[in-house]
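Working through the structure, step by step
The lines below spell out each chain.
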Amino acid sequence: MKDYDERIKELLGKMTLEEKVGQLQQCGPSLVGAFVVSFEELLNMMFDGRISQEEFGRLMGTAEQDFHEEDLRAGRIGSYNGVGDAETVNRLQKIAVEETRLGIPLLFGYDVIHGFKTVTPIPLAESCAWEPDLWERTGRMAADEATAAGVHMTFAPMVDAAKDARWGRVSEGAGEDALLNGLYGAAKVKGFQGEDLSRKDSMAACVKHFAAYGAGEAGRDYNRVDMSEQRLYEEYLPAYKACIDAGARAVMPAFNDINGVPCSVSRKLLRDILREDWGFDGMTVSDSNAIAECVDHGIAEDKRDAAKQAILAGMDMDMSSNSYIENMKELVESGEVPMDVLDEAVANILRVKFELGLFDDPYRTDSQRESQTMGKPEYRALGREAAQKSMVLLKNDGVLPLAKEKKIGIIGELASDRGEMTGAWAIGANGDDCISLTDACDARGIPYTYSKDGKNILKMAIESDVLIAVIGERKDESGEAASRASITLKPEDEELLKGLHTFGKPVVVILFNGRPLAIPQLNETASAILEAWHPGVEAGNALLDILYGEVNPSGKLTTTFPYTTGQCPMYYAHINTGRPGGRSKFTSKYLDTPLEPVYPFGYGLSYTSYEYSGLKVEKTEKAFRISAEVKNTGDRAGDEIVQCYVQDVVAKRVRPVKELKDFAKVSLEPGEEKEVVFEIPFEKLGYYDREMNYVVEPGLFRFYVGGNSRDTLMAESVL
Ligand code: GLC
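Here is a short report on the structure shown in this document.

The rules behind the values
- Every residue gets a number counted from 1 within its own chain, in the order that chain's sequence is written.
- Restriction of local features to residues with pLDDT of at least 70 applies here, the model being predicted, together with a cutoff of 80 or more for giving and counting side-chain atom pairs; totals for whole chains, interfaces and linings are based on all residues.
- Neither water nor hydrogens contribute to the side-chain values; these are computed over all heavy atoms in the structure.
- Orientation is described by lines fitted to C-alpha atoms, with helices fitted over the stretch in contact, and by angles between N-to-C directions that extend from 0 to 180 degrees.
- Think of it this way: any DSSP run of H or I at least four residues long counts as a helix, any run of E at least two long counts as a strand, and we number them from the N terminus.
- Working definition: roughly parallel below 35 degrees, roughly antiparallel above 145 degrees, roughly perpendicular at 65 to 115 degrees, and oblique for all remaining angles.
- Any pair of residues with heavy atoms lying within 4.5 Å of one another is described as a contacting pair.
- Note that Gly is not counted as nonpolar here; it falls among the polar residues with everything else outside the nonpolar set of Ala, Val, Leu, Ile, Met, Phe, Trp, Tyr, Cys and Pro and the charged set of Asp, Glu, Lys and Arg.
- We call a residue near a molecule or strand as soon as one heavy atom of that residue lies within 4 Å of the molecule or strand.
- Two N or O atoms form a polar contact when they lie within 3.5 Å of each other; inside protein one atom must be a possible hydrogen donor and the other a possible acceptor, and for residues adjacent in sequence the pair counts only when both atoms belong to side chains.
- Burial classes follow relative accessibility: with a 1.4 Å probe on protein chains only, a residue under 20% of its type's maximum area counts as buried, one over 50% as exposed, and anything between as partly exposed.
- What we call a nonpolar core is a set of buried Ala, Val, Leu, Ile, Met, Phe, Trp, Tyr and Cys residues that are connected through their side-chain atoms within 4.5 Å.
- Cavities and pockets are found on a 1 Å grid laid over the protein atoms alone: a cavity is a set of points where a 1.4 Å probe fits but cannot escape, a pocket is an open set with protein on both sides within 12 Å along at least five of seven lines, and a lining residue has an atom within 4 Å of such a point.
- Grid points are joined across faces, edges and corners, and a volume is the space filled by probe spheres set on the points.
- Handedness of a crossing follows from how the near helix is turned relative to the far one, being left-handed for an anticlockwise turn of less than a right angle and right-handed for a clockwise one.

This part covers the packing of helix α14 (residues 303-313) against helix α15 (residues 323-333). Running from N to C, α14 and α15 cross one another at 80 degrees; their axes reach a closest spacing of 9 Å. Between α14 and α15, the angle is such that the two are roughly perpendicular. Of the residues in α15, those touching α14 at Lys303, Arg304, Ala307, Lys308, Ala310 and Ile311 are Ser323, Tyr324, Glu326, Asn327, Met328, Glu330 and Leu331. Considering only residue class, the contact of α14 with α15 consists of six nonpolar, two polar and five charged.

So, in structure tokens, the structure goes:
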């Protein structure tokens with residue numbers, strides 16, 4: 001990355017204290033409505049039922065957006081969040097560049113989490129492709145569309161490993177495993193930032209939420225995170241570090257505390273680990289209002305105290321809380337915040353602005369580029385590929401793939417509700433951009449009968465050969481502030497399925513959802529189950545591609561599907577305990593639920609089958625070389641995700657029974673057999689001992705290779 005330190009130093013030397021503080025301020029357009037009450041009051045009126053959701057939406061529609069232009073002209077704003085159109089971006093940028101004293105360009109950030117206009121599958125879905133190349137390609141596409149709309153930085157990738165399916169934001173990351181989250185995040189960073197951050201179609205990646213936001217107690221959003229240092233370093237930090245190593249230019253600290261210290265004011269996280277240990281020289285930006293919320297955490301007396309703690313801890317930019325803009329000048333003048341601390345925060349922000357090329361060309365897009373870029377056919381095709389590879393076949397008694405002549409009955413409102421296909425955080429697209437399952441059937445002339453609610457469907461059931469039940473979650477039932485205390489199917493879906501089974505026809509279940517669900521009864525009764533997640537704009541087309549066998553499903557779960565909510569948090573890399581769960585009474589298990597999940601991490605079926613054999617482990621000078629044969633024993637080609645897990649059998653701290661160390665996606669023709677080889681450097685087999693030293697110890701290791709974390713071959717070797 002080019003060195004801008006001289007230009008930064010020169011500019012800092014010209015800036016007044018007020019102008020420096022202005023650079024730390026990121027604000028979003030606030031809604032000033034035609035309504036006579038405040039936004040907060042309007043929300044309360046809706047929550048209290050004094051106005052309906054529709055009325056609330058109508059009133060919101062009358063709201064204008066206030067971009068605080070006067071503050072901008074006064075040099076009191078350095079960045080905006082949540083502006084996604086070229087015209088507005090350029091209008092505000094023009095004020096910053098031409099009407100402020102020093103003309104420092106604005107930085108526009110937005111939540112481009114899984115696509116902008118061409119919304120791709122939610123990250124949890126896309127992670128089930130186990131394909132870094134795909135993740136990078138969809139990241140590149142998202143960058144092209146988002147930058148065409150004026151975005152300079154995306155608040156993504158989110159790489160919060162999540163082991164508790166009650167947490168709604170499990171939908172936004174790459175599942176429960178830190179290695180997978182790290183590979184997913186690094187691929188996204190490369191996709192978003194491209195080869196040259198100053199290119200018009202590149203945007204800065206802001207890795208979040210730093211750190212361990214996915215470990216909130218009881219799966220409740222924003223809740224406390226309390227864990228050993230060892231666990232933090234072994235099971236959570238590696239995912240963020242992979243993104244920093246991939247060149248991410250921004251980091252967003254998490255809302256939660258870790259062991260009592262909110263991330264927003266954690267010097268250990270933001271200075272010791274991020275900057276000292278990892279060498280990060282980009283910028284940090286708080287989560288929305290997070291600095292002010294340190295008062296609610298009980299770690300700060302007021303916003304002034306919160307502002308002081310945050311900047312001293314290493315938080316550069318304040319998103320939307322106004323803690324810095326209201327207090328920083330006085331904090332510096334009083335000497336409580338040294339000028340060099342302020343200068344360092346400003347320099348980090350200016351560095352990213354320079355790297356984005358904003359000083360040389362602050363207007364990186366226009367309405368023409370915007371309209372030419374959005375939703376290109378090749379982007380729709382990529383969205384469809386991503387959706388195909390993200391879907392996971394959980395059960396199939398042979399009813400799939402469907403034969404063209406089969407008459408199908410489709411039941412469930414999610415089959416036609418386009419807007420639900422985008423999933424959470426779909427900012428640039430709406431339902432009109434999406435293809436639903438019924439849309440896709442219509443477009444292909446597939447005859448079907450359809451019922452949204454499953455009522456009075458006797459005629460449909462009699463005339464149909466196969467019934468397709470489309471159930472799961474709406475997009476707002478996962479994502480932020482969407483934790484669920486129960487992750488079972490909704491009662492109305494249970495009822496629907498019970499009714500369908502009375503007709504004696506095969507029932508294929510399509511799941512649209514943003515988290516693992518506890519569906520043991522489905523696994524018992526359905527003829528087939530296809531986990532489709534929230535697949536994005538090409539949902540219907542990708543679904544039919546798989547249902548009719550044009551595409552052989554290859555997706556594999558990156559989160560464990562438990563039997564019941566009561567098993568949460570549930571994950572594959574668990575420890576053995578001194579009494580591993582078994583048949584005798586005094587072992588670690590539940591009285592009322594099986595110990596195993598319904599579907600394990602790494603699980604997914606295909607329309608063909610695979611056989612593993614010949615597992616061998618050899619040692620080279622610095623690594624274990626693990627090899628196995630994988631054969632396609634079915635009658636059609638397929639892609640198999642071969643997984644390699646390792647167990648350190650004896651160590652100074654208890655170690656997980658399995659840890660994913662590598663994987664490979666292998667294409668096999670019918671009858672074809674390939675050798676798959678993994679090289680695991682000894683250095684990757686370490687852990688943190690009781691004194692927090694990273695150690696790689698001699699001893700017995702077990703190596704597991706298979707198509708999921710449960711059904712594996714095993715071989716031992718000694719380091
Ligand atoms: C939200 C989310 C964060 C997002 C930010 C800006 O509260 O926690 O992921 O990037 O605000 O929208």
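Back to the write-up after that little detour.
In the region of the ligand, 13 residues are neighbours, and Asp111, Arg169, Lys208, His209 and Asp287 sit closest. The separation between an oxygen atom of the ligand and a polar side-chain atom of Asp111 is 2.5 Å. Between the ligand and the protein, one listed contact pairs an oxygen atom with a side-chain N or O atom of Arg169 at 2.8 Å.

What follows concerns unusual backbone geometry. In this chain, Ala156 is followed by Pro157 through a cis amide linkage whose omega measures 5 degrees. Looking at where Pro157 falls in the secondary structure, it is placed in the loop between β6 (153-154) and α9 (178-193). Between Leu400 and Pro401 the backbone carries a cis peptide bond, its omega angle lying at -5 degrees. By the secondary structure assignment, Pro401 is in the loop between β13 (392-396) and β14 (408-411). For Ser320, which is not a glycine, the phi torsion comes out positive at approximately 70 degrees. With respect to the element layout, Ser320 can be found in the loop between β12 (318-319) and α15. A positive phi angle, close to 60 degrees, is found at Asn322, a residue other than glycine. Within the fold, Asn322 resides in the loop between β12 and α15. Note on Asn322: relative accessible area 28%, which makes it partly exposed.

Bringing the nonpolar core into the picture now. If you look at the biggest cluster of nonpolar residues, it comprises 129 residues, and the most contacted ones within it are Phe210, Met328 and Val509. For this core, the element with the highest residue contribution is helix α16 (residues 339-355), accounting for nine residues. Once residues lying within four places of it in the same chain are set aside, the contact partners of Met328 are Val21, Leu24, Ala307, Ile311, Ser323, Val337 and Leu342. In terms of nonpolar packing, the next biggest core, distinct from the first, is built from 37 residues, Cys441, Ala528, Ala542 and Leu543 among them.

Applying the stated rule across the entire model yields four cavities of 30 Å³ or more. Lining the largest cavity we find Ala162, Lys163, Asp164, Ala165, Val170, Glu176, Pro516, Thr559, Thr560, Pro562, Cys568 and Met570. Tallied by class, residues from the lining of the largest cavity come to seven nonpolar, two polar and three charged.

Looking now at the environment of Arg7. Mapped onto the elements of the fold, Arg7 is located in helix α1 (residues 5-14). Its relative accessible area of 34% is what places Arg7 among the partly exposed residues. For the pair formed by Arg7 and Asn348, sequence separation is 341 residues and the distance between their alpha carbons is 12 Å. Not counting chain neighbours up to four residues away, the residues in contact with Arg7 comprise Phe354, Phe359 and Asp360.

Contact geometry of helix α18 (residues 377-390) with helix α23 (residues 539-547) gives a least axis separation of 8 Å together with a crossing angle of 50 degrees. In this view, α18 runs oblique relative to α23, as classed from their interaxial angle. The handedness of the crossing between α18 and α23 is right-handed. Residues Arg384, Ala387 and Gln388 of α18 touch α23, and the partners they reach there are Asn541, Ala542, Asp545 and Ile546. Considering only residue class, the contact of α18 with α23 consists of three nonpolar, two polar and two charged.

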